[in-house]
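# Fold and contact review
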Amino acid sequence: MNAVTLTDLQYQYPDTKKPVLDGINLNFPAGKWTALIGRNGSGKSTMARLIDGLLIARRGQITVNGIPVTEDNLTKIHQHVGIVFQNPDNQFVGATVADDVAFGLENRQVPREEMPSRIQRALEAVDMAGLSESEPTMLSGGQKQRVAIAGILALRPQVIILDEATSMLDPAGRELVLALLERLRDQQQFTIISITHDPAEMAMADRVVVLDQGKIVCQGTTAEVLRDVALLEKIGVGIPAGQQLRQELADRGIAVPDRYFTVEEMVKWLSQQL
Amino acid sequence: MNKVVFGSYVPVDSVLHRLDPRMKLLMCVWYVILVFFANSLWTSLWLLLGLGFAMVLSRVSFRQYWQGIRPLAWVIVITVVFQILFSSGGRVYWHWWIMSITHDGLVNSLIIFYRFMVIITASTVLTATTPTLRIADGLDWYMQPLKAIHVPVNQLTLMLSIALRFIPTIMDEAGKITNAQRSRGMNFHQGNLFQRVKHLVPVLIPLFVNSFKRAEDLATAMEARGYDPDSPRTHYRQLHWHGADNITLGLMVVLTVILFLIRGGVFALVSL
């Protein structure tokens, strides 16, 4: 089952010479976490905006749970897809945490009586229930991003897109957000698409898609894609710690098995060798 | 936390804090109108008493109110001085060139001083006991009838609340840009007034550019969360009119009735 399918997709921004995405055919399997990687300008964020109908492609087709993304279906598409953007401050609409989570519900005309329980549950899911009356200036970046995720969870979407949502956070904030994503993945109710430069975040995904200059250069399970260190280096994305260590050992002439290593696997292999 | 800037909220729990923002808005506007009906010492004292009662009920200390009003003290002093020196009528006590101190001038300046102080204090009572966003909610309610003449009330109040929400964020950013320019050797405290104003340009330009960028990001995020300015929306924040609001309304009526009784000379014996 695919939650999102892109067929022969092409998109070109007005007043540019080259399309930013060209000939994209891609499926995002339902209930899986897919990491979308590639250097800046490779078309990752454009793809996220196209999936949510914030931009409309002239050529090609996108479907979300079988619904084609067109101007007429935008309301439905926004219901199925939630996006968390990069800058925690620029997506906080409400005056308090609860108001911000309520914003999406208000737009969807959810009856007032239903709101408190839905807001409460969404905030509990991201561990922010205790701060529901706090103002954004009192929150850290990581807390604001978790509120943004709560705002999306309250709307019960099928697809959650994170557009470099952890890139402006400090390490502690990032870790909390990533732990939250793992929890959501384990519930298997959501299809997660995370656009990222963070090697740790790619390593956590089920699948990885590599974009370069508007085309898909590689896709597959995380182990398959991240195994190819040469490719990762060529397109200029970060290399996960386990793989980097494997590469350094191999470069020094140590015989390391040619497969994908997570940090834990690397630690296990090393302790076996000692 | 005990420093109050004019118009800022003081988060304590009081009867006045718990009142419906609509009642407090009504009360403030009503009071300001009443101030212009005070025409004698006794009527003025009566209104002052009413204000004092509200200030005590708010559980915000007089010292905090004074700190809130102090920045405006210069404006009041200058207005009063002008009033004393440049108005004419009645007995002349002192005269020089175009300036004179007259009996009427003194009386007028006293009235202006009183009105200024009382009106500013009354609005400070409103803002000290009501968060700005609740005031916006109250305004939203009062503006609803304007929908009949196609005023986009909901969009206007959403705009207002987003503007209020971003004030601290943008102030923060202004601070960062100022520091960034300072680290490049800019001295904001040097030169005459004209030069100082010119020094603000390298702060304002990035601030504006970033604000537009923010606005665009925010618009995209709002659209992604299903915001459509033309569609009806439900409201999470509800205003609740309680018994205390009815009592306050009653008290305002009593305040008004007694004011007009004093004016009409019913308490002639007292007003001697």
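This structure is a prediction, so every number in the text was calculated from the model and none was measured. (Residues numbered from 1 in each chain as written. Chains lettered and ligands numbered in written order. Predicted model: local features only at pLDDT ≥ 70, side-chain atom pairs only at ≥ 80, totals over all residues.)

Turning next to the overall build of chain B. Helix and strand counts for chain B stand at eleven helices and two strands. Helices and strands in chain B line up, N terminus first, as α-α-α-α-α-β-β-α-α-α-α-α-α. The C-alpha radius of gyration of chain B comes to 24 Å, more than 25% above the 19 Å expected for a compact globule of 272 residues. In terms of its C-alpha atoms, chain B occupies a principal-axis envelope of roughly 70 × 55 × 40 Å. Here chain B, with 272 residues, has 21% of them falling under the buried criterion. Partitioning the intrachain contacts of chain B with sequence separation of at least 6 by distance along the chain shows that 73% fall at a separation of at least 24. (Helix = DSSP H or I, 4+ residues; strand = E, 2+ residues; numbered from the N terminus. Rg over C-alpha atoms; globule rule 2.2 N^0.38 Å. Buried ≥ 20, exposed ≤ 12 C-beta atoms within 10 Å, placed from the backbone. Contact = placed C-beta atoms within 7 Å.)

Let us look at the domain arrangement of chain B. Each assigned domain of chain B is listed with its residue range as follows: domain 1 (15-130 + 242-263) and domain 2 (152-224). Centre-to-centre, using C-alpha coordinates, domain 1 of chain B lies 35 Å away from domain 2 of chain B. (Domains from an automatic or database assignment.)

So, about the interface of chain B and chain A. Contacts between the two partners involve 25 residues from chain B, matched on the other side by 29 residues from chain A. Mapped onto the side of chain B that touches chain A, the elements with two or more residues apiece are helix 8 (153-183) and helix 10 (201-224) of chain B. Counting residues per element, the side of chain B that touches chain A draws most heavily on helix 10 of chain B, at eight residues. Per-class residue counts for the side of chain B that touches chain A are ten nonpolar, seven polar and eight charged. (Nonpolar A, V, L, I, M, F, W, Y, C, P; charged D, E, K, R; others polar.)

Right, let's talk about the sheet that holds strand 10 (residues 215-221) of chain A for a bit. Residue and element names in this part refer to chain A. Across the sheet, which stays open at both edges, the six strands sit in the order 6-7-8-3-9-10 with mixed pairing between neighbours. Of all the strands in the sheet, the pair left with one neighbour each is strand 6 (81-84) and strand 10. Geometrically, the sheet is characterised by an average inter-axis angle of 15° between neighbouring strands, direction not taken into account. (Pairing = 2+ DSSP bridges. Axes fitted to C-alpha atoms, helices over the stretch in contact; angles between N-to-C directions.)

Adjacent strands of a sheet pair through backbone hydrogen bonds, lying either parallel or antiparallel. Residue and element names in this part refer to chain A. Judged by pairing direction, the sheet is antiparallel, and its four strands sit side by side in the order 2-1-4-5 without closing on themselves. The outermost strands of the open sheet, each flanked by one partner alone, are strand 2 (21-29) and strand 5 (67-68). Across two bridges, the pairing between strand 4 (residues 59-64) and strand 5 is antiparallel. Bridging across to strand 5, Val 64 finds its partner in Ile 67. Sheet contacts for helix 1 (residues 44-51): strand 1 (2-11), strand 2 and strand 4; angle to strand 1, the most-contacted strand, approximately 115°.

Residue and element names in this part refer to chain B. With 27 residues, helix 6 (residues 103-129) ought to run about 39 Å at 1.5 Å a step, and its terminal C-alpha atoms sit 39 Å apart, in line with that. Turning to helix 6, its buried residues number three or more, namely Gly 105, Ser 109, Val 118, Thr 121, Ala 122, Thr 124, Val 125, Leu 126, Thr 127, Ala 128 and Thr 129. Packing partners of the buried residues in helix 6 comprise helix 1 (15-18), helix 2 (21-35), helix 3 (41-57), helix 4 (62-69), helix 5 (73-86) and strand 2 (99-102). (Expected span 1.5 Å × (residues − 1).)

In this section: the pairing of strand 9 (residues 207-212) of chain A. Residue and element names in this part refer to chain A. Judged from the four bridges that link them, strand 3 (residues 33-37) and strand 9 form a sheet pairing that is parallel. The residue of strand 9 that forms the bridge with Leu 36 is Val 209. Relative to strand 10, strand 9 runs antiparallel, the two sharing six bridges. Pairing of Asp 212 across the sheet is with Lys 215, part of strand 10. If you look at the hairpin formed by strand 9 and strand 10, you'll find two residues sitting between the two strands, and Gln 213 has a positive phi there, around 45°.

Right, let's talk about the nonpolar core for a bit. Grouped together as the largest cluster of nonpolar side chains are 79 residues, with contacts concentrated most on A:Ile51, A:Val64, A:Val101, A:Ala150, A:Ile161 and A:Val208. Once residues lying within four places of it in the same chain are set aside, the contact partners of A:Ile161 are A:Ala48, A:Ile51, A:Asp52, A:Val81, A:Ile83 and A:Ile193. The next biggest cluster of nonpolar side chains, apart from the first, holds 21 residues, and it includes B:Met27, B:Leu34, B:Leu47 and B:Val60. (Core = buried A, V, L, I, M, F, W, Y, C linked by C-beta atoms within 7 Å.)

On to the packing of helix 5 of chain B against helix 6 of chain B. Residue and element names in this part refer to chain B. Contact geometry of helix 5 with helix 6 gives a least axis separation of 8 Å together with a crossing angle of 160°. The angle between helix 5 and helix 6 places the two elements in the roughly antiparallel class. Every pair of crossing elements has a handedness; the one defined by helix 5 and helix 6 is right-handed. Between helix 5 and helix 6, the contacting residues are Ile 76, Thr 79, Val 80, Gln 83 and Ile 84 on the first element and Gly 105, Leu 106, Asn 108, Ser 109, Ile 112, Phe 113, Phe 116 and Met 117 on the second. Its residues assigned to classes, the contact of helix 5 with helix 6 shows eight nonpolar, five polar and no charged. (Parallel < 35°, antiparallel > 145°, perpendicular 65-115°, else oblique. Left-handed = near helix turned anticlockwise from the far one by under 90°.)

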